[in-house]
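If you want the building blocks of each chain, they are given just below.
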Amino acid sequence: MKHYNLFTALRAAFPADLNSPAIETDEGLTYSWRDLDRATAMIANLLQSLDIPPSSDGVPPRVAVQVEKSVEAMILYLATLRAGFVFLPLNTAYQSAEIEYFVGNAEPAVVVCSSKSFNWVSKLAFKAGARHVFTLNDDRTGSLLERASHFSDQQAPAVKQPGDLAAILYTSGTTGRSKGAMLSHGNLLSNALMLKEYWGWQPGDVLIHALPIFHVHGLFVAIHGALLNGSKMLWMGKFDPKRVIEEMPRATVFMGVPTLYVRMLAETSLTPAQAANMRLFISGSAPLLLETFNEWRERTGHTILERYGMSETIMLTSNPYLPDARFGNQGERRGGTVGFPLPGVQLRVQGESGEPTPKGEIGGIQVAGPGVFSGYWRMPEKTAEEFTPDGFFKTGDVGLQDERGYVTIVGRSKDLIISGGYNVYPAEIEGYLNELPGVAESAVVGVPHPDFGEVGIAVVIPKPGQQPDGEALLTQLKAGLANFKIPKRCFIEAELPRNTMGKVQKNLLRERFKGMF
Ligand code: MCA
Ligand code: AMP
């Protein structure tokens, strides 16, 4: 059987000199390539030694992870691949209701959390049938590393097929609960190999890694990019605009969501001289304002390369790296667009009638290709709804493709707010709000925000005779939900605007509150 495991491909790209630095952290620590190899082997051996009964459907054990960002957390991801298990990353902001749902749905055999949340996470994990709960903290303490230190640093990576499940990424649903997008070793590796070529990764590249590592952007696009090129990473536990600018002379590549660019533009230390060593600035996960694109060019002399993707598909489109023949003569990077469908990606824009629209006309974006996921974890009906009969995935994004092939996203048919690169589903927040005392109904809408791009605000209709306080309602929401999901304001009103069909007219609310930040 052909040996196919994403980890093996990443490992094969490590430089010959395993003692050279692979990662330098903002705390002054250096990890060599040998460290990454040995540590992933030890943790993979630990995982494989655990007493986990095989599942009846043949799916390998899931490893659910909710820990602060650290190099060891990245090593745990790589070790999970190496062991042949399935990685399930969870946003550190998630609270008990969210975690309870994820572990209940994914039924992980192993859960890793930080020591400070061990009490409540382990209870939920064991209740959901997990066999092992380990701790891992961002200061290299915790039971995971203690246990792994007793295992050998030699390990033969599990043999995988391209279609074998590698990771499950939960994305919230427009209605009801979150869905786990199943990504295979083949999805992830094909996308990473393609991006290595398309973005012109070259010897000597150094990546500044400042994104969280529980979503596609920081976990896959950034980490796979650097590892597959044998490139060093300058690792930051948390994004700090001053630190990133300080590190630019030692680096060549940076990836960020638009908020990170907006925050760096507010720093006087951002100058052409400071950014002179940089080769490539990439933006994605949320729309980059043309204003930010232009200002970045003026302030640094660099043109941000904007790309577009999803958890379900990994990267779909990208502006070109270079306009020349080596990169297909596609043209320049255009602000306000997300560029061209990437090699191997089929992208079409469907009109209301279900027919493809003519070039330049707006419609729903549908995609197919090697990075597109196989379906939602244990939700065959949801999966069937999201794919067309001929196998295209309906992204829920609305856009157009012009004569030259550039794709522009103009909106979303899904009711979704993207705030600082995080997705917030109004339906989920409204569901929680409507359960609070005194609330009859509510509507959550996204409005423009100078820092986060977009944020949610809530409009609440009280039950007859009751007068809930907006701020108090938000405080109650905070107790159960990730903080980035909490609406930034809450207005108490007499009624919601509705059309003749009785449907809430969210567009009117968006219009009314659009200038508030
Ligand atoms: C923090 N807060 C937020 C957000 N982040 N509110 C709305 N949206 C947010 N994104 C809240 C905090 O909880 C806090 O609330 C208050 O805002 C101020 O927090 P602050 O200290 O400013 O936040 P921060 O810690 O500096 O974080 C901001 C951030 C972070 C660095 C922009 O949100 C971030 O790292 N975003 C990147 C997300 C990302 O990687 N997305 C990729 C998804 P309070 O004061 O009430 O506690 S992958 C993806 O989308 C696809 C596949 C793709 O194409 O890449
Ligand atoms: P997620 O569910 O976190 O994978 O978010 C995917 C969504 O992020 C996409 O469906 C788009 O709506 C949005 N997105 C990602 N990149 C961009 C971009 N460059 N411009 C506009 N929207 C984007």
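Located above this text is the structure these notes cover.
The present account deals with the structure reproduced in this document. This is a predicted model, so every value here is computed, not measured. (Residues numbered from 1 in each chain as written. Chains lettered and ligands numbered in written order. Predicted model: local features only at pLDDT ≥ 70, side-chain atom pairs only at ≥ 80, totals over all residues. Heavy atoms only, no water.)

## Let's talk about the site of ligand 2
Consideration 1: Arg-307, Ser-311, Asp-397, Lys-414 and Asn-423 are the nearest of the 15 residues found near ligand 2.
Consideration 2: A distance of 3.1 Å separates a nitrogen atom of ligand 2 from a polar atom in the backbone of Ser-285.
Consideration 3: The side chain of Asp-397 places a nitrogen or oxygen atom 2.5 Å from an oxygen atom of ligand 2.
Consideration 4: Within the complex, 91% of the 500 Å² of free accessible area of ligand 2 lies under protein.
Consideration 5: Ranked by the residues each element gives to the shell around ligand 2, the list is headed by strand β13 (residues 305-310), at 5 residues.
Consideration 6: Looking at the shell around ligand 2 residue by residue, the classes come out as 6 nonpolar, 4 polar and 5 charged. (Near = heavy atom within 4 Å. Polar contact = N/O pair within 3.5 Å; in protein donor to acceptor, adjacent residues only side chain to side chain. Areas by Shrake-Rupley, 256 points an atom, 1.4 Å probe, with all protein chains shown as cover. Helix = DSSP H or I, 4+ residues; strand = E, 2+ residues; numbered from the N terminus. Nonpolar A, V, L, I, M, F, W, Y, C, P; charged D, E, K, R; others polar.)

## Looking at the site of ligand 1
Consideration 1: Close to ligand 1 lie 25 residues, the nearest being Arg-263, Ser-285, Arg-307, Ser-419 and Lys-488.
Consideration 2: Within the backbone of Gly-421, a nitrogen or oxygen atom sits 3.0 Å from a nitrogen atom of ligand 1.
Consideration 3: Within the side chain of Asn-483, one N or O atom sits 2.9 Å away from an oxygen atom of ligand 1.
Consideration 4: For ligand 1, the protein covers 76% of the area, taking 1000 Å² as the surface of the free molecule.
Consideration 5: Elements with a contribution of two residues or more to the shell around ligand 1: α8 (216-228), α10 (258-265) and β13.

## What about the sheet that holds strand β24 (residues 453-462)?
Consideration 1: With mixed pairing, 3 strands are arranged side by side in an open sheet as β23-β24-β25. Two strands lie at the open edges of the sheet, namely β23 (439-449) and β25 (489-492), each paired on one side alone. Going across the sheet, the axis of each strand differs from the next one's by a mean of 25°, ignoring polarity.
Consideration 2: Sitting on the sheet, helix α14 (residues 470-480) is in contact with β23, β24 and β25, with an inclination near 130° to β25. (Pairing = 2+ DSSP bridges. Axes fitted to C-alpha atoms, helices over the stretch in contact; angles between N-to-C directions. Contact = heavy atoms within 4.5 Å.)

## Focus: the layout of surface pockets
Consideration 1: Put simply, the second largest pocket is a space of about 310 Å³.
Consideration 2: Its residues placed into classes, the lining of the second largest pocket shows 10 nonpolar, 3 polar and 5 charged. (1 Å grid on protein atoms, 1.4 Å probe; cavity = no way out; pocket = protein on both sides within 12 Å on 5 of 7 lines; lining within 4 Å. Points joined across faces, edges and corners; volume = space filled by probe spheres on them.)

## Describing the sheet that holds strand β12 (residues 280-283)
Consideration 1: Read from one edge to the other, the open sheet built from 9 strands follows the order β2-β1-β10-β9-β11-β12-β13-β14-β15, with strand pairing classed as mixed. Among the strands making up the open sheet, the edge pair consists of β2 (30-32) and β15 (340-341).
Consideration 2: One ladder, built from 2 bridges, connects β12 with β13; its direction is parallel. Note on β13: the bridge partner recorded for Ser-283 is Glu-306.
Consideration 3: Packed onto the sheet, helix α7 (residues 185-198) meets β14 (314-318) and β15 and runs at close to 30° relative to β14.

## Some points on unusual backbone geometry
Consideration 1: Phi at Ser-285 takes a positive value of approximately 90°, unusual for a residue other than glycine.
Consideration 2: Tracing the backbone shows Ser-285 in the loop between β12 and α11 (290-300).
Consideration 3: Since its relative accessible area comes to 26%, Ser-285 is described here as partly exposed.
Consideration 4: Of note in this structure, Arg-378 is not a glycine but carries a positive phi near 50°.
Consideration 5: By the secondary structure assignment, Arg-378 is in the loop between β18 (375-376) and α12 (380-386). (Buried < 20%, exposed > 50% of the residue type's maximum accessible area, 1.4 Å probe, protein only.)

## Structural notes on α8
Consideration 1: Across the 13 residues of α8, 13 count as buried, placing the element largely inside the fold.
Consideration 2: Looking one or two places after α8, you find Gly-230, whose phi comes out positive at around 60°.

## Considering the side chain of Thr-292
Consideration 1: Mapped onto the secondary structure, Thr-292 falls in helix α11.
Consideration 2: What makes Thr-292 buried here is its relative accessible area of 7%.
Consideration 3: When sequence neighbours within four positions are dropped, the list of residues in contact with Thr-292 reads Tyr-261, Val-262 and Leu-265.

## A closer look at the side chain of Asn-319
Consideration 1: Mapping Asn-319 onto the fold places it in the loop between β14 and β15.
Consideration 2: Here the side chain of Asn-319 touches Glu-306 through a polar contact of 3.1 Å, landing on its backbone oxygen.
Consideration 3: Those residues in contact with Asn-319, other than ones at most four positions away along the chain, are Tyr-198, Leu-305, Glu-306, Glu-332, Arg-333, Arg-334, Thr-337, Val-338, Gly-339, Phe-340 and Tyr-406.

## Some remarks on the nonpolar core
Consideration 1: Within the largest apolar cluster, 158 residues are counted, with the highest numbers of intra-cluster contacts made by Leu-36, Val-112, Trp-199, Met-248, Phe-254 and Met-255.
Consideration 2: The dominant element in this core, judged by the number of residues it contributes, is helix α3 (residues 71-83), at 10 residues.
Consideration 3: Excluding its chain neighbours within four sequence positions, the residues that come into contact with Trp-199 are Val-221, Met-255, Arg-279, Leu-280, Ile-282, Leu-305, Arg-307, Ser-318 and Tyr-321.
Consideration 4: Counting residues in each nonpolar core, the second largest holds 10 residues, with Ala-443, Ile-457, Leu-496 and Leu-509 among its members. (Core = buried A, V, L, I, M, F, W, Y, C linked by side-chain atoms within 4.5 Å.)

## Notes on the packing of α3 against α8
Consideration 1: Viewed as axis vectors pointing N to C, α3 and α8 meet at an angle of 85°, and their least axial separation amounts to 13 Å. Judged by the inter-axis angle, α3 sits roughly perpendicular to α8. Of the residues in α8, those touching α3 at Met-74, Tyr-77 and Leu-78 are Leu-219, Phe-220, Ile-223, His-224 and Leu-227.
Consideration 2: Broken down by class, the residue content of the contact of α3 with α8 amounts to 7 nonpolar, 1 polar and no charged. (Parallel < 35°, antiparallel > 145°, perpendicular 65-115°, else oblique.)

## Concerning the packing of α10 against α11
Consideration 1: The contact between α10 and α11 brings their axes to 10 Å, and the two run at 45°. When the axes of α10 and α11 are compared, the pair comes out oblique. Between α10 and α11 lies a crossing whose hand is left-handed. Taking contact as the criterion, the partners of Tyr-261, Val-262, Met-264 and Leu-265 in α10 are, on α11, Thr-292, Glu-295, Trp-296 and Arg-299.
Consideration 2: Of the residues contributing to the contact of α10 with α11, the split by class is 5 nonpolar, 1 polar and 2 charged. (Left-handed = near helix turned anticlockwise from the far one by under 90°.)

## A short note on α10
Turn by turn, an α-helix covers 3.6 residues, leaving residues three or four places apart pointing in a common direction.
Consideration 1: Burial runs high along α10: 6 of the 8 residues are buried.
Consideration 2: In this structure, the buried residues of α10 make contact with α9 (241-247), β11 (253-256), β12 and α11.

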